[in-house]
Amino acid sequence: MSAGPLAVDLNCDLGESYGAWCLGDDAAMLSLVSSANVACGFHAGDPTVIRQTTATAAAEGVRIGAHVGYPDLAGFGRRFMDMSPESLADAVLYQIAALEGFARAAGQRVAYVKPHGALYNTVVHHVGQARAVVRATKTFDPSLKILGLPGSAVLAAAREEGLGVITEAFVDRAYTPEGTLVSRSEPGAVLTDVEHVARRATRMVTHHEVEAIDGSIISIDADSLCIHGDSPGAVEMAHAVRAALTAAGVEIRAAAR
């Protein structure tokens, strides 16, 4: 993060409803965060949901990012897909372009790209898929940034290609001692204690550290903190995190890196 007063971006995965299926309270979350990772129709989000989410984000002054995933509506994008780099790059490019259309209609532009779910976890280590995500992003607009996990293959590939990066930490997800996310299939992977999450978020920003699931302390480099919009009590959690950070003298603003 930049020198001077402490500041951090708050991002949230939004626009994940689909048809008659409603997920999360997007309007409430958009009044609390500074960046919105908007689903682009492959893992979630239909055209109406995407339009409504981008319009509300624009009205709230929230930065818009493309939350790109595998073409996996049935699995909510949480299943690995062994796609070729070419096919994956095409899929990512398609999603960014779709969201950009709605963003422009709302008077805004897509500012960054964040992989979703299984794709997010895959591009931490899978160099081929990481480079495909970066290639698609750069092809669409080389001014776009990549939002991802510190030390991940996708951020390394982005830097190699001259793209800006935004490092991210998760306030409501457990970490392994290696600094990666605990699989959702494991107990304790998703955190729901609001006060605990708020204290943890503050520690991430003010002390640049977090307690891993085994009790060890790991270093955190985060320009942006993620709160999942589909987590239990997500709105209450976002209020608590924002209040705790503000009380600690941390400014909430979109990441500039």
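A few points on the structure. Keep in mind that what you see is a predicted model, and the values were worked out from it rather than measured. Residue indices follow the written sequence of each chain, beginning from 1 at its first position. In keeping with the model being predicted, local features are shown solely for residues with a pLDDT of at least 70 and side-chain atom pairs are shown and tallied solely at 80 or more, while totals for entire chains, interfaces and linings include all residues. Hydrogens and water are ignored here; the side-chain numbers use all heavy atoms of the structure.

**Remarks on the side chain of R173**
- To qualify as a helix, a DSSP run of H or I must reach at least 4 residues; to qualify as a strand, a run of E must reach at least 2; elements of each kind are numbered from the N terminus. Turning to its location among the elements, R173 is positioned in the loop between β6 (165–170) and α7 (194–206).
- Salt bridges are absent for the buried R173, whose nearest opposite-charge side chain, D172, sits at 6.1 Å.
- Definition of a polar contact: a pair of N or O atoms within 3.5 Å, with one able to donate and the other able to accept a hydrogen when the atoms are protein atoms, and with sequence-neighbouring residues admitted only if both atoms are side-chain atoms. A polar contact is formed between the side chain of R173 and the backbone oxygen of V182, at a distance of 2.5 Å.
- When near neighbours in sequence (up to four residues on either side) are disregarded, R173 contacts L181, V182, S183, R184, A189, V190, L191, R200 and H228. Partly exposed residues are those whose accessible area sits between 20% and 50% of the maximum for their type, while under 20% is buried and over 50% is exposed, using a 1.4 Å probe and protein chains only. When charges are counted, Lys and Arg are positive and Asp and Glu negative, with His and the chain ends excluded. Only one rule defines a salt bridge in this text: a Lys or Arg side-chain nitrogen within 4 Å of an Asp or Glu carboxyl oxygen. By definition, residues are in contact when any of their heavy atoms lie within 4.5 Å.

**Considerations on the pattern of salt bridges**
- For the structure on display, the rule yields 9 salt bridges.
- Measuring nitrogen to oxygen at the nearest pair gives 3.3 Å for the salt bridge that ties D13 to K114. With D13 in strand β1 (residues 7–14) and K114 in strand β4 (residues 110–115), this pair connects stretches of sequence that are 101 residues apart. K114 carries the same exposure label as D13, and that label is buried.
- Across the salt bridge formed by K138 and E161, the nearest N and O atoms sit 3.0 Å from each other. Placement of the pair is K138 in helix α5 (residues 127–140) and E161 in the loop between α6 (153–160) and β6, with a sequence separation of 23 residues.
- A relative accessible area of 32% places K138 in the partly exposed class.
- Assessed through its relative accessible area of 39%, E161 is described here as partly exposed.
- Here the salt bridges do not stand alone but share partners, grouping D13, K114 and E168 into one network.

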